[in-house]
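A closer look at the structure
For reference, the chains in residue letters:
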Amino acid sequence: MSSELSLLAVKTLSWDEFAAALAPLLSPETRLRREEPLATKTTMRVGGAARVYAEPASIADLQTLLRAAVQRSVKVLLLGRGSNLIVPDEGVDGLVIGLAHDVWAAFEPRSDGRVWVGAGLRLKNLCGLAAKAGLTGFEFLEGIPGNVGGALRMNAGAMGGWIFDVVEEMQLMTFAGEVKTLGKSALHVDYRHCAELHDAIALGAVLRPAAHADAEAINRQIDVYRRKRHESQPREPSAGCVFKNPPGLSAGRLIDECGLKGEHVGDAEVSGVHANFIINRGQATGADVLELVRRVRTRVRQVRGVELEPEVLLYGKNWRDVL
Ligand code: EPU
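Residues numbered from 1 in each chain as written. Predicted model: local features only at pLDDT ≥ 70, side-chain atom pairs only at ≥ 80, totals over all residues. Heavy atoms only, no water.

1. Topic: the environment of alanine 20
Along the chain, alanine 20 turns up in helix 1 (residues 3-22). Considering only alpha carbons, one finds alanine 20 and glutamate 263, 243 residues apart in sequence, at a separation of 45 Å. (Helix = DSSP H or I, 4+ residues; strand = E, 2+ residues; numbered from the N terminus.)

Here it is, written out as structure tokens:
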């Protein structure tokens with residue numbers, strides 16, 4: 001056996017061992033799998049598998065997973081709705097955790113007028129439930145194809161607002177398994193960024209509605225945003241906006257002005273509808289998407305002198321290492 005092959009065999013064995021050691025510690029409701037394909041769990045639909053994948057069904061099981069991973073120096077990655085990720089073709093060497101079990105999808109209005117939302121709740125459902133309850137202020141979240149946890153991690157935003165505008169408290173679990181509640185003033189948030197979630201997992205948040213209104217008026221506002229989005233963003237599979245808007249500039253406009261709409265590598269293509277989206281025409285690979293990201297960055301640097309920074313995450317890796 002060549003040394004590379006034997007190294008691969010040892011690695012494979014240790015992932016099997018890690019999963020086998022975990023299984024008896026978890027409740028039967030918690031899912032645990034080896035080599036779980038991730039492409040179908042993301043909106044871009046590219047990339048490989050998670051070496052180990054888990055969907056915990058309780059706080060205790062989440063703690064067990066995290067502590068076991070920390071103990072073995074296994075990298076932990078959270079997977080929300082997979083709407084802001086590019087998964088590399090080789091997959092992810094780590095433990096990927098999805099808060100997909102119903103237990104994480106709470107929407108609980110409180111007597112003080114605020115509402116507790118779980119990290120696994122889809123933003124679309126949050127909007128629908130808030131409209132039903134007559135609570136305004138969350139309409140802008142409707143079009144973001146993520147869940148609450150992912151939105152907190154990225155400080156997701158649309159239509160001039162971002163999620164931390166409406167957050168009053170956030171609950172998280174550190175990788176050591178400790179649960180903490182942080183008030184707004186203790187949080188360090190910025191454009192597409194929340195420092196507290198670099199090495200912790202969002203469990204949920206307490207949100208403050210703007211006001212009360214009837215469901216019909218709220219739904220009308222949601223419709224306005226939905227129409228605006230449908231006119232300006234592509235429908236094909238994508239990971240949303242690829243690059244952050246540089247201060248005072250629009251990444252989409254810059255890429256468009258560089259004549260890059262329609263540029264493609266394999267089935268990965270710069271959208272003709274919005275140039276800051278890379279769409280998957282069907283059979284794109286992670287490598288196709290990465291190559292196209294490189295090309296777009298290079299062209300915008302050469303033509304406009306602007307260095308675009310990715311907004312989407314390269315799952316399990318650092319963009320710095322591939323760009
Ligand atoms: N534009 C072009 N050509 C294009 C695309 C856009 O000229 O191909 C122009 C538009 O005409 C407009 C300006 O660029 O004048 C800005 O475009 P848009 O209004 O679509 O907003 P954006 O800054 O590109 C941001 C967020 C989106 C969010 C929209 C709507 C970022 C990087 N993007 O897009 O978020 O949905 O506002 O609120 O902050 C995401 O985070 O994944 C995302 C899609």
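Now, onward.
2. Topic: the domain arrangement of the chain
Taken domain by domain, the chain holds domain 1 (3-102), domain 2 (105-216) and domain 3 (234-321). In this complex, domain 1 contributes 15 residues to the contact, which on the side of domain 2 involves 17 residues. In total, about 1300 Å² of surface goes out of reach between domain 1 and domain 2, with carbon and sulfur atoms giving 66% of it. A per-residue breakdown of the area domain 1 buries against domain 2 is headed by Leu66, Arg81 and Leu99, which together make up 37% of the total. Counting every contact that joins domain 1 to domain 2 gives zero salt bridges. (Domains from an automatic or database assignment. Contact = heavy atoms within 4.5 Å. Buried area = accessible area lost by both parts, 1.4 Å probe. Salt bridge = Lys/Arg side-chain N within 4 Å of Asp/Glu carboxyl O.)

3. Some words on the site of the ligand
Residues in contact with the ligand amount to 19 residues; listed here are only the nearest, Met159, Tyr191, Cys241, Asn245 and Arg253. Within the side chain of arginine 253, one N or O atom sits 2.6 Å away from an oxygen atom of the ligand. One of the side-chain N or O atoms of aspartate 256 is found 2.8 Å from a nitrogen atom in the ligand. Burial of the ligand by the protein chains amounts to 71% of its free accessible area of 820 Å². Every element with two or more residues in the shell around the ligand is listed here: strand 15 (238-241) and helix 6 (251-257). (Near = heavy atom within 4 Å. Polar contact = N/O pair within 3.5 Å; in protein donor to acceptor, adjacent residues only side chain to side chain. Areas by Shrake-Rupley, 256 points an atom, 1.4 Å probe, with all protein chains shown as cover.)

4. Some details on unusual backbone geometry
The phi torsion at serine 73 lies on the positive side, around 55 degrees, for a residue other than glycine. Looking at where serine 73 falls in the secondary structure, it is placed in the loop between helix 2 (59-71) and strand 3 (76-79). In this structure, arginine 192 takes a positive phi of about 55 degrees despite not being glycine. With respect to the helices and strands, arginine 192 occurs in the loop between strand 12 (189-190) and strand 13 (193-194).

5. Thoughts on the sheet that holds strand 10 (residues 167-174)
Reading across from one edge, 6-7-14-10-11 is the order of the five strands in this open sheet, with antiparallel pairing throughout. Each edge of the open sheet carries a strand with a single partner, namely strand 6 (107-109) and strand 11 (179-183). Here the strands of the sheet are splayed against their neighbours by 20 degrees on average, with no regard to which way each runs. Note: strand 10 against strand 11, five bridges, orientation antiparallel. What sits directly across from glutamine 171, in strand 11, is threonine 181. (Pairing = 2+ DSSP bridges. Axes fitted to C-alpha atoms, helices over the stretch in contact; angles between N-to-C directions.)

6. Considering helix 2
Each α-helix turn comprises 3.6 residues. Residues three or four places apart therefore point the same way. In this model helix 2 runs 18 Å from its N-terminal to its C-terminal C-alpha over 13 residues, within 8% of the 18 Å that 1.5 Å per residue would give. Asp61, Leu62, Gln63, Leu65, Leu66, Ala68 and Ala69 are the residues of helix 2 that are buried. (Expected span 1.5 Å × (residues − 1). Buried < 20%, exposed > 50% of the residue type's maximum accessible area, 1.4 Å probe, protein only.)

7. Looking at the pattern of salt bridges
Counted under the stated rule, the structure contains 29 salt bridges. Among the ionic pairs, glutamate 36 bridges to lysine 41, the shortest N-O distance being 3.1 Å. Given the relative accessible area of 11%, glutamate 36 is considered buried. Between glutamate 257 and arginine 304 there is a salt bridge whose closest N-O contact spans 2.5 Å. Here glutamate 257, found in helix 6, pairs with arginine 304, found in helix 7 (residues 286-304); they are 47 residues apart in sequence, far enough to count as distant. Take glutamate 257: its relative accessible area is 48%, and that puts it in the partly exposed class. What you see here is one network of salt bridges that share partners, running through Asp16, Arg34, Glu35, Arg51 and Asp93.

8. Describing the pairing of strand 18 (residues 277-280)
Because side chains alternate across strand 18, one face comprises the buried residues Phe277 and Ile279, and the other comprises Ile278 and Asn280, equally buried. As paired strands, strand 17 (residues 268-270) and strand 18 are joined by three bridges and run antiparallel to one another. Bridged to valine 270 within strand 18 is isoleucine 278. Hairpin connection, strand 17 to strand 18: the antiparallel pair is bridged by six residues.

9. Describing the side chain of glutamate 139
Mapped onto the elements of the fold, glutamate 139 is located in the loop between helix 3 (123-132) and helix 4 (148-154). Arginine 220 provides the closest opposite charge to the buried, salt-bridge-free glutamate 139, at an N-O distance of 11 Å. One polar contact links the side chain of glutamate 139 to the main-chain amide nitrogen of glycine 137, over a distance of 2.8 Å. With residues near it in sequence (within four places) discarded, glutamate 139 still touches Cys127, Ile218, Gln221, Ile222 and Tyr225. (Lys, Arg positive; Asp, Glu negative; His and termini not counted.)

10. Details of the packing of helix 3 against helix 5 (residues 215-232)
Close contact between helix 3 and helix 5 brings their axes to 9 Å; oriented N to C, the two are set at 150 degrees. When the axes of helix 3 and helix 5 are compared, the pair comes out roughly antiparallel. Where helix 3 approaches helix 5, its residues Lys124, Cys127, Ala130 and Ala131 are matched on the opposing element by Ala215, Ile218, Asn219, Ile222 and Arg226. Across the contact of helix 3 with helix 5, the residue classes break down as six nonpolar, one polar and two charged. (Parallel < 35°, antiparallel > 145°, perpendicular 65-115°, else oblique. Nonpolar A, V, L, I, M, F, W, Y, C, P; charged D, E, K, R; others polar.)

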